[in-house]
Amino acid sequence: MVYTSRINVLVKKIIQETPLIKRFLLSPINKAALPSFSGGSHITTFIQSSGLNLQRSYSLCGNPSETQLYQIAIKKQAHSNGGSLYWHNEVKEGFKLQISYPKNYFPLSFKAKHHVFFAAGIGITPFIPMMLDLQSNGKSFELHYAAKSKIDCAFYKRINVLFPSNIYFYFSNEGKRMLPEIMQDQLIGTHVYFCGPQSLIKQFTKKAIDYGYPKTSIHFELFSSQPKLDAKPFEVELHKSGQTFYIPKNQSLLKVLLEAGIKVPFSCQVGRCGTCAIEVLSGEIDHQDYFLSDKEKKDQKTILPCVSRCKSSKLILDY
Ligand code: FES
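Just so it is clear, the structure is predicted and the values come from calculations on it, not from any experiment.

So, how was this worked out
Residues numbered from 1 in each chain as written. Predicted model: local features only at pLDDT ≥ 70, side-chain atom pairs only at ≥ 80, totals over all residues. Heavy atoms only, no water. Pairing = 2+ DSSP bridges. Helix = DSSP H or I, 4+ residues; strand = E, 2+ residues; numbered from the N terminus. Axes fitted to C-alpha atoms, helices over the stretch in contact; angles between N-to-C directions. Domains from an automatic or database assignment. 1 Å grid on protein atoms, 1.4 Å probe; cavity = no way out; pocket = protein on both sides within 12 Å on 5 of 7 lines; lining within 4 Å. Points joined across faces, edges and corners; volume = space filled by probe spheres on them. Nonpolar A, V, L, I, M, F, W, Y, C, P; charged D, E, K, R; others polar.

Q: How should I be thinking about the sheet that holds strand β1 (residues 6-16) in this particular structure?
A: Each strand in a sheet pairs with its neighbour through backbone hydrogen bonds, running either in the same direction (parallel) or in the opposite one (antiparallel). Read from one edge to the other, the open sheet built from six strands follows the order β4-β3-β6-β1-β2-β5, with strand pairing classed as antiparallel. The strands lining the two open edges of the sheet, one partner per strand, are β4 (52-59) and β5 (70-75). Recorded for the sheet is a direction-independent mean angle of 35° between the axes of neighbouring strands. Two strands pair when backbone bridges link them, and β1 and strand β2 (residues 21-28) are joined in this way by seven bridges, in the antiparallel orientation. Counted as the bridge partner of L10 is S27 from β2.

Q: Is there a simple way to think about the domain arrangement of the protein chain in this case?
A: Interface size is commonly expressed as the accessible surface area that is lost when the partners come together. As far as domains go, the protein chain holds domain 1 (6-100), domain 2 (114-221) and domain 3 (234-317). Centre-to-centre separation of domain 2 and domain 3, based on C-alpha positions: 33 Å.

Q: It is not clear to me how empty space enclosed by the protein should be interpreted in this structure. Could you clarify?
A: Over the atoms rolls a probe the size of a water molecule, and in doing so it shows where empty space is left. According to the stated counting rule, one finds two cavities of 30 Å³ or more in the structure shown. In this model, the second largest cavity occupies a volume close to 30 Å³. Surrounding the second largest cavity, F37, L60, G62, N63, E66, L69, Y70 and Q71 form its lining. For the lining of the second largest cavity, a count of residues per class yields four nonpolar, three polar and one charged.

Structural data, given as structure tokens:
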């Protein structure tokens, strides 16, 4: 695991933001202050309780200048595999857990002349500290935020108070849609940022490229990777040990290796950070990550096993 050190915290307060979203305020135990962080950072939370071992990453959504509290917001997912249900049903004020130090794979660009944020639902969370950072530095930004309704819109009052002249809401129950066309006619030098479902990120990224945004001006945040619908099973051989593994269609290569006790370093698990990279000696990689460059993908020499798979029947890894 890439995180070498953890911080003990307790849940100081829980706020019901919307019918499905709770905000958790975490304060340090035995520590004067928490590490400072920048807008776009996330933490990984570690909960071990009665045989349960939950490890989930969440954006920090509080003020980066606040070091006595971290804030995260979690949506109760209908098809949760344990994480959001546990947080919503079992975690009470006073609950103790461990968290990682903050990491930031979604930083603000300091080259941007103007920042345009697009959030859908719980995707609002990383943008709050980002906008606070920009506001305190007198930078130019605007937020476009889509939700089902005002009642389902997390932080509605708070962001209206904090950023009264920079936000645009799109509530589907009022027939309003957040459209990628908003990216047209922005100033040259504008950077765009997306956070929400993978389908929205794909749609807005494609449109941004069509509108002529350089790839370096397009930023997005993913917290879960959608399983590949047409994924096929494949075989993997570890060249150094000679071990072979069968990778079923519904499991990642990383998960199979970790469960077999192979110590592969990892962090984001969504193909964003590059921590889990492994050299490939043979086989055709099916790249699904957002980290490697086009050239690196074409070279077929490196795989990110948290998300990428195999187009041929077998991969041989230099491991
Ligand atoms: S763990 Fe981050 S890219 Fe695989």
